[in-house]
Amino acid sequence: MITVYGIKTCGSVRNALKFFKDNNIEVEFFDFKKETPSADKIKIWTTKADINVLFNNKGTKYKTLNLKELNLDDNGKYEWLCKEPLLFKRPVIEFDDKLVVAWDEELYKKTFL
């Protein structure tokens with residue numbers, strides 16, 4: 001099963017969901033606005049993708065929390081991701097013990113088709 005983590009209002013997440021729908025690939029959707037992934041799951045994610053890829057330092061949430069001033073190290077970024085899932089670069093896609101982060105149509109075609 002493929003799980004897409006994100007929020008429905010995010011353009012990249014919408015692109016990913018449309019890609020799966022257009023290719024008749026069934027996915028499960030995990031809404032970051034309604035649920036937070038467990039700290040254990042996030043820790044596993046950081047072993048499959050670089051924390052600097054997972055952590056979105058260009059998003060609105062990063063700016064509104066003034067996180068730039070904190071100069072977070074990897075552990076600080078991990079702690080913030082556990083508290084605030086809107087800091088993830090979206091979407092995060094989990095499948096077959098692998099992880100794909102962000103929207104990249106070419107990568108999706110290679111990976112899922």
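Here the structure is shown first, and the text comes after it.
This write-up is about the structure you can find in this document. Along each chain, the written sequence defines residue order, and numbers are assigned to residues from 1. This being a predicted model, a pLDDT of at least 70 is required before a residue's local features are given, and a value of 80 or more before pairs of side-chain atoms are given or counted; all residues contribute to the totals for chains, interfaces and linings. As a convention, hydrogens and water are excluded, and side-chain values are obtained from all of the structure's heavy atoms.

### With respect to a negative patch on the surface
Convention followed: Nonpolar side chains (Val, Leu, Ile, Met, Phe, Trp, Tyr) within 5 Å and like charges within 9 Å form the patches, drawn only from residues with over 30% relative accessible area and no salt bridge. Only the protein chains shown count as cover for residues, and the accessible areas themselves come from Shrake-Rupley with a 1.4 Å probe. Salt bridge, as used here: a side-chain nitrogen of Lys or Arg that lies within 4 Å of a carboxyl oxygen of Asp or Glu. Neither His nor the chain ends contribute to the count of charged residues, in which Lys and Arg are positive and Asp and Glu negative. Where a charge lies is defined by one atom per residue type, namely NZ (Lys), CZ (Arg), CG (Asp) and CD (Glu). A helix here means a DSSP run of H or I that spans at least four residues, while a strand means a run of E at least two residues long, and both kinds are numbered starting from the N terminus.
On the surface, D50, D73, D74 and E79 cluster together into a patch of negative charge. Positionally, E79 belongs in helix α5 (residues 74-83).

### Concerning the sheet that holds strand β3 (residues 92-95)
As a reminder of what qualifies: Pairing between strands is defined by DSSP: at least two bridges between the two strands are required. Where helices are involved, their axes are fitted lines through C-alpha atoms of the stretch in contact, as for all axes, and angles between N-to-C directions lie from 0 to 180°.
Pairing is mixed in the open sheet, where four strands are placed in the order β2-β1-β3-β4. Sheet topology places β2 (27-31) and β4 (98-101) at the edges, where each strand pairs with a single neighbour. On average, each strand axis in the sheet is tilted by 20 degrees relative to the strand beside it, whichever way the strands run. Sheet analysis places strand β1 (residues 2-6) next to β2, joined by five bridges and oriented parallel. Note that in β2 the partner of I2 across the bridge is V27.

### Section: the side chain of D31
For clarity, the cut-off: Exposure is judged per residue with a 1.4 Å probe applied to protein chains only, and the accessible area is read against the type maximum: over 50% gives exposed, under 20% gives buried, and values in between give partly exposed. Here a polar contact is recorded for every N or O atom pair within 3.5 Å, except that within protein the pair must consist of a potential hydrogen donor and a potential acceptor, and residues adjacent in sequence are included only if both atoms are side-chain atoms. We call two residues in contact whenever any of their non-hydrogen atoms come within 4.5 Å of each other.
Considering the arrangement of structural elements, one finds D31 in strand β2. For D31, a relative accessible area of 13% translates into the label buried. Only 2.8 Å separates the side chain of D31 from the backbone nitrogen of K33, close enough to count as a polar contact. Residues within four places of D31 in sequence aside, it is in contact with G6 and I7.

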